[in-house]
Amino acid sequence: MLIYSIVMFAVSALFMVFSVLIFKGKTHLIHDYHQERVKDHQAYGRAFGKALSVVAAAPLVSGMIALLGESTAVLAVCLLMALLLVGFGCLLAVQKKHNGGVF
């Protein structure tokens with residue numbers, strides 16, 4: 001489970017870097033069609049960055065649980081899926097609020 005944890009930590013770090021960059025205003029990292037109707041790009045970037053940090057937390061938590069041993073593998077994957085669903089739900093809420101929909 002060590003390799004799984006390392007991969008999860010790397011994925012989490014990558015998502016966290018993008019989360020911080022978008023939070024600080026680099027909304028050009030988000031595809032143009034996701035922000036066609038966005039009026040306040042600063043508020044959109046801050047909200048999207050926060051939601052993306054929830055997505056980044058999912059592999060981090062899963063990787064930490066997986067470090068506890070082989071017996072926690074199923075729990076780690078289930079937790080990963082559950083937290084990713086929550087994170088994607090947050091992203092959808094941000095898109096709906098600031099863009100009027102996903103596309």
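Residues numbered from 1 in each chain as written. Predicted model: local features only at pLDDT ≥ 70, side-chain atom pairs only at ≥ 80, totals over all residues. Heavy atoms only, no water.

A.B. asks: Would you mind going over the packing of helix 2 (residues 41–66) against helix 3 (residues 73–99) with me for this structure?
C.D. replies: Helix-helix packing is characterised by the crossing angle of the two axes and by the distance between the axes. Relative orientation of the contacting elements helix 2 and helix 3 amounts to 175°, with a least axis distance of 8 Å. Taken as axis vectors, helix 2 and helix 3 run roughly antiparallel relative to one another. Its residues assigned to classes, the contact of helix 2 with helix 3 shows 25 nonpolar, four polar and no charged. (Axes fitted to C-alpha atoms, helices over the stretch in contact; angles between N-to-C directions. Helix = DSSP H or I, 4+ residues; strand = E, 2+ residues; numbered from the N terminus. Parallel < 35°, antiparallel > 145°, perpendicular 65-115°, else oblique. Nonpolar A, V, L, I, M, F, W, Y, C, P; charged D, E, K, R; others polar.)

A.B. asks: Help me understand the nonpolar core in this model?
C.D. replies: Where a protein is soluble and globular, its nonpolar side chains tend to be buried together. Among the nonpolar cores identified, the biggest contains 14 residues, and Tyr 44, Phe 48 and Leu 91 are the most heavily contacted of them. Listing elements by their share of this core, those giving two or more residues are helix 1 (2–23), helix 2 and helix 3. (Core = buried A, V, L, I, M, F, W, Y, C linked by side-chain atoms within 4.5 Å. Buried < 20%, exposed > 50% of the residue type's maximum accessible area, 1.4 Å probe, protein only.)

A.B. asks: Any chance you could explain the state of the cysteines here in plain terms?
C.D. replies: If you walk through the whole model with that rule in mind, you get zero disulfides. Of all cysteine sulfurs, the one in Cys 78 lies closest to Cys 90, which takes part in no disulfide; the gap is 20 Å. (Disulfide = S-S within 2.5 Å.)

A.B. asks: What exactly am I supposed to notice about the environment of Ile 30 here?
C.D. replies: Relative to the elements of secondary structure, Ile 30 occurs in the loop between helix 1 and helix 2. Spatially, the C-alpha atoms of Ile 30 and Phe 18 are 9.7 Å apart, while their sequence positions differ by twelve residues. For Ile 30, the contacting residues outside a window of four places in its chain are Ile 22, Gln 35, Tyr 44 and Phe 48. (Contact = heavy atoms within 4.5 Å.)

A.B. asks: Help me out: how do you make sense of the environment of His 31 in this one?
C.D. replies: Locating His 31 in the fold gives a position in the loop between helix 1 and helix 2. Assessed through its relative accessible area of 49%, His 31 is described here as partly exposed. For His 31 and Ala 82, which are 51 residues apart along the polypeptide, the C-alpha to C-alpha distance reads 25 Å.

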